[in-house]
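In case you want the letters, here they are:
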Amino acid sequence: MKTFSTVMRHSADEDEAGFTLVEVIVALAMLSLGLTLVMSMLSTGLGRTGMAERLAGAVSLAQSALAQVGTIIPLRSETRDGTEENGYQWHLAIQPYRPTQSGDARTFELYQVSVQIVWLEGQNQRSFALSTLRLGPRAAISQ
């Protein structure tokens, strides 16, 4: 026959097999903290990916503008501005790299070609610039 103390010990052992309310609350708090950190990292990663895509578009546009100088765009001192459909604004400047002397009879001149791309990213204005040197015909030979 079982005594009362034996029955009480046996039922107390069975109660210890589960989780207490405090353990469940701590586990849920840790889970919510972990999910908050993961969601924050995902959000930041998506934002950075968008920024990288916009920058890659600006780089591509700047390289394209530089490639057109001397072929589609004549190589002479001038500036051009434009706006693209995707929100990029560009400014292209072509100018002699060093002023030539008046007595210099060379028919070629070195030009500095610069392009700057500007776009809005949220509330911030971002920009990217490229510059290169090109050899082209001298604009005017002064006598």
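Placed above this text is the structure.
Predicted, not measured: the structure shown is a model, and the values here were computed from it.

Asker: I tried to follow the pattern of salt bridges on my own but got confused; where do I start?
Answerer: Oppositely charged side chains may form a pair once their charged atoms are brought near each other. Tallied over the full model, the rule gives 3 salt bridges. Among the salt bridges present, the one from Arg76 reaches Glu78, with a minimum N-O distance of 3.8 Å. Its relative accessible area of 42% is what places Arg76 among the partly exposed residues. One salt bridge connects Arg126 with Glu121, and the closest N-O pair in it is separated by 3.4 Å. Of the residues examined, Arg126 reaches a relative accessible area of 27% and is grouped as partly exposed.

Asker: Help me understand the sheet that holds strand β3 (residues 108–121) in this model?
Answerer: The 4 strands lie next to each other as β1-β2-β3-β4, forming an open sheet whose pairing is antiparallel. Single-partner strands in this sheet number two, and they are β1 (78–83) and β4 (124–137). For this sheet, the mean inter-axis angle between neighbouring strands, taken without regard to orientation, is 15 degrees. Sheet topology places β3 next to β4; 14 bridges connect them, and they run antiparallel. By the bridge assignment for β4, Glu109 is matched with Gly136.

Conventions used here
- Residues numbered from 1 in each chain as written.
- Predicted model: local features only at pLDDT ≥ 70, side-chain atom pairs only at ≥ 80, totals over all residues.
- Heavy atoms only, no water.
- Salt bridge = Lys/Arg side-chain N within 4 Å of Asp/Glu carboxyl O.
- Buried < 20%, exposed > 50% of the residue type's maximum accessible area, 1.4 Å probe, protein only.
- Pairing = 2+ DSSP bridges.
- Helix = DSSP H or I, 4+ residues; strand = E, 2+ residues; numbered from the N terminus.
- Axes fitted to C-alpha atoms, helices over the stretch in contact; angles between N-to-C directions.

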